[in-house]
Amino acid sequence: MENKKLTQAQMDTKWTELGDFFRRKSIWMLMYCTGCCAIELPQAMTSAYDMERLGMGPMATPRQADVLLITGYLSLKTLRRLVYTYEQMSEPKYVVAFGPCVINGGIYHDSHAVLNRLDHYLPIDVYISGCMPNPESVMNGFTDLMDLIKNKTAVGWKNYRDNNEWYKKNQMDALGEVFVHDEFHE
Amino acid sequence: MSVILMSMLIGLGVALFGFTLQTTIGGINRKVVGRMQKRYGPKWYQEFLDIFKALSKRAISHGWIYDFGVIMAVGGITATAMFMPITDSLVAFAGYDNFFIFVYLLAVGMLGMAMSASGSGNPLASIGVMRALTQMLAYEVPFMVVVITIIKVSGTSSLTGIMEFQQANGWFALSLPIGFGVAFLSLLGMLGKKPFETYIAPSEIASGPMVEYGGKQLGLLFVMHEIATFIEVSLFVHLFLGGASNIIEFLAKYFIVYTVANLISNLNGRFKIDQVVVFFYKWPLALAVLQAIWVLWR
């Protein structure tokens, strides 16, 4: 009798697995397209590669979205907006980063305005390689994200919550102040 | 007592049926549109996956008005759907399927959503709600003129009565062709399909009333939207296409009406809100009034 009854932890695991099934079959994207890799997304979304057959689609606001796409290099001025956007998304949330610029700064690594390593500031689940990545790599990156969700290894959002002080300290070092009350002035 | 309980159970069954039907047909229509654009398209049950995914996410709250409004919207729409006849014999509350019940009860759900969206405090949500109410004011006037003509002709405002009148005397789609066209334009406005998609406008006001919704509240709003679409399309089927005498007939008519509306939607751009109001108050209203006069004095 005792070993038939599931414990609370086992029940939670079952619910998480059920939720993960839906979450990997239906991924809504928020496109933060400030970099040049964004030009590869239209091919992946429209008739040629048809992202919708995997259940993916674009969404209008961060609240509705599941995955944040960061396409290419990230300047100091956009980091603050990116942090705002990421923190508005509802959990579980994932981040997909495009190109080498998010890893080491890419061809803009020596600019004073460009951040070199994005994963110091936000947790990244999937990197897509190529400058720019072709649509096949983009689609491959999204199927990788689905596999990560299936294997319960897409845990960037948990890391962000657990190591929040570390991320906030890095953001503060880069920006001086993360949250400004008047959004029209830096 | 047991009769009322039975009616309520049947009514809840109708609401659940409407949700399942519209979610399935919405998914099939996404595939139809995909094929139209030479894409493979999503799975036919993609809409179910989307809704359950949204319900499985964690949600934040913007205050109790925001949460309460969502529940009021789902409850109001479910209560409206409970009165909807599926065929001329399958109706949960026989004798209470008056057309005006739907007009009044549908407003409860819509106002719940408007209240909730305004409670989120986002200015884009307020703009979206304002546009939705303005658009409602625009399409309701010609639609009401047409429906009042129908009520005058058939002598009853009960949906089952109108259905039986049409099965005896021919469809209103054929005997009132102008009103049929006007009501189809109004249906596009009701469903928020493309020429009249003004209050959603994802690229302009970031999906309007839905701008602050995420997670569970968004899932509940999707459920509400599917049931509302079921009510509006079923109303159109019952008023103009002679209702249905069996469930297969209903499914076929429903599928055709929704698919045609969706195909028209995918061929059009989006009006501005002032263009929507001027459009509905110009030709559809004039034609509806002209037909009403012709029907009354012929």
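Computed from a predicted structure; not experimentally measured.

Residue and element names in this part refer to chain B. Applying the stated rule across the entire model yields 19 salt bridges over all chains. Residue Arg 270 is joined to Glu 204 by a salt bridge in which the shortest nitrogen-to-oxygen separation is 3.7 Å. Here the residue Arg 270 occupies a position in the loop between α11 (247-265) and α12 (273-297), and Glu 204 occupies one in helix α9 (residues 202-205), the gap between them amounting to 66 residues. Classification of Arg 270 as partly exposed rests on a relative accessible area of 31%. Overall, Glu 204 belongs to the partly exposed group, its relative accessible area being 46%.

Residues and elements named next belong to chain A. The parallel open sheet is built from 5 strands, whose spatial order is β2-β1-β3-β5-β7. The sheet terminates laterally at β2 (56-58) and β7 (126-128), the two strands that pair on one side only. Direction aside, the axes of adjacent strands within the sheet are offset by 25° on average. Both strand β3 (residues 67-71) and strand β5 (residues 94-98) contribute to a ladder of 5 bridges, which runs parallel. Bridging from a neighbouring strand, Leu 69 pairs with Val 96 of β5.

With that settled, consider the interface of chain B and chain A. Facing the 29 residues of chain B at the interface are 25 residues of chain A. Taken over both partners, the interface formed by chain B and chain A buries close to 2300 Å², and the fraction arising from carbon and sulfur atoms is 53%. When residues of chain B are sorted by the area they lose upon contact with chain A, Lys 53, Lys 57 and Arg 58 of chain B head the list and together hold 28% of the total. For the interface between chain B and chain A, the tally reads 7 salt bridges. A salt bridge links Asp 66 of chain A to Lys 57 of chain B; the nearest nitrogen and oxygen atoms lie 2.5 Å apart. Our enumeration of links across chain B and chain A arrives at 19 residue pairs in polar contact (both at pLDDT 80 or more).

On to the nonpolar core, then. Tyr 213, Phe 230, Ile 231, Leu 239, Phe 240, Phe 250 and Val 257 of chain B are the most contacted members of the largest nonpolar core, which has 79 residues in total. Among the elements that make up this core, the one with the highest residue count is helix α10 (residues 216-240) of chain B (14 residues). Beyond its immediate chain neighbours, meaning those up to four positions away, Leu 239 of chain B contacts Phe 99, Phe 143, Val 147, Ile 150, Leu 159, Ile 162, Gln 166 and Phe 172 of chain B. Listed in part, the 45 residues of the second largest apolar core include Met 51, Val 67, Leu 82 and Tyr 167 of chain A.

Below, the discussion takes up the packing of helix α1 (residues 8-25) of chain A against helix α2 (residues 46-56) of chain B. The geometry of a pair of packed helices is captured by two quantities: the angle between their axes and the separation between those axes. Between α1 of chain A and α2 of chain B, the least distance of the axes is 8 Å, while the angle of their chain directions is 125°. Classified by the angle their axes make, α1 of chain A and α2 of chain B are oblique. In this structure, the crossing between α1 of chain A and α2 of chain B has a hand that is left-handed. Each of Gly 19, Phe 21, Phe 22, Arg 23 and Lys 25 of chain A in α1 of chain A lies in contact with α2 of chain B, whose residues at this interface are Gln 46, Leu 49, Phe 52, Lys 53 and Ser 56 of chain B. Here the contact of α1 of chain A with α2 of chain B is built from residues that sort into 4 nonpolar, 3 polar and 3 charged.

All told, the structure shown has 27 aromatic pairs over all chains when counted by the stated rule. Ring geometry for Phe 21 of chain A versus Phe 22 of chain A: centroids 5.5 Å apart, planes at 70°, classification edge-to-face. On the basis of relative accessibility, which here comes to 31%, the residue Phe 21 of chain A falls in the partly exposed class. With relative accessibility at 15%, the residue Phe 22 of chain A sits in the buried group. Summarising the aromatic geometry, the rings of Phe 165 of chain B and Phe 172 of chain B are spaced 5.7 Å apart at their centres and angled 15° between planes, so their arrangement reads as stacked. Residue classification places Phe 165 of chain B among the partly exposed positions, given a relative accessible area of 22%. An aromatic cluster of at least three residues, connected via ring pairs, comprises Tyr 139, Phe 196, Phe 271, Phe 279 and Phe 280 of chain B.

Moving on, we get to the state of the cysteines. Residue and element names in this part refer to chain A. A complete count under the given rule lists 0 disulfides over all chains for this structure. Sulfur of Cys 36: no disulfide; nearest cysteine sulfur belongs to Cys 37 and is 5.3 Å away. Residue class for Cys 36 comes out partly exposed when judged on its relative accessible area of 39%. The thiol of Cys 131 is unpaired, and the distance to the nearest cysteine sulfur, on Cys 101, comes to 5.8 Å.

Rules behind the numbers
Residues numbered from 1 in each chain as written. Chains lettered and ligands numbered in written order. Predicted model: local features only at pLDDT ≥ 70, side-chain atom pairs only at ≥ 80, totals over all residues. Heavy atoms only, no water. Salt bridge = Lys/Arg side-chain N within 4 Å of Asp/Glu carboxyl O. Helix = DSSP H or I, 4+ residues; strand = E, 2+ residues; numbered from the N terminus. Buried < 20%, exposed > 50% of the residue type's maximum accessible area, 1.4 Å probe, protein only. Pairing = 2+ DSSP bridges. Axes fitted to C-alpha atoms, helices over the stretch in contact; angles between N-to-C directions. Contact = heavy atoms within 4.5 Å. Buried area = accessible area lost by both parts, 1.4 Å probe. Polar contact = N/O pair within 3.5 Å; in protein donor to acceptor, adjacent residues only side chain to side chain. Core = buried A, V, L, I, M, F, W, Y, C linked by side-chain atoms within 4.5 Å. Parallel < 35°, antiparallel > 145°, perpendicular 65-115°, else oblique. Left-handed = near helix turned anticlockwise from the far one by under 90°. Nonpolar A, V, L, I, M, F, W, Y, C, P; charged D, E, K, R; others polar. Phe/Tyr/Trp six-rings, centres within 6.5 Å; stacked < 30°, edge-to-face > 60°. Disulfide = S-S within 2.5 Å.

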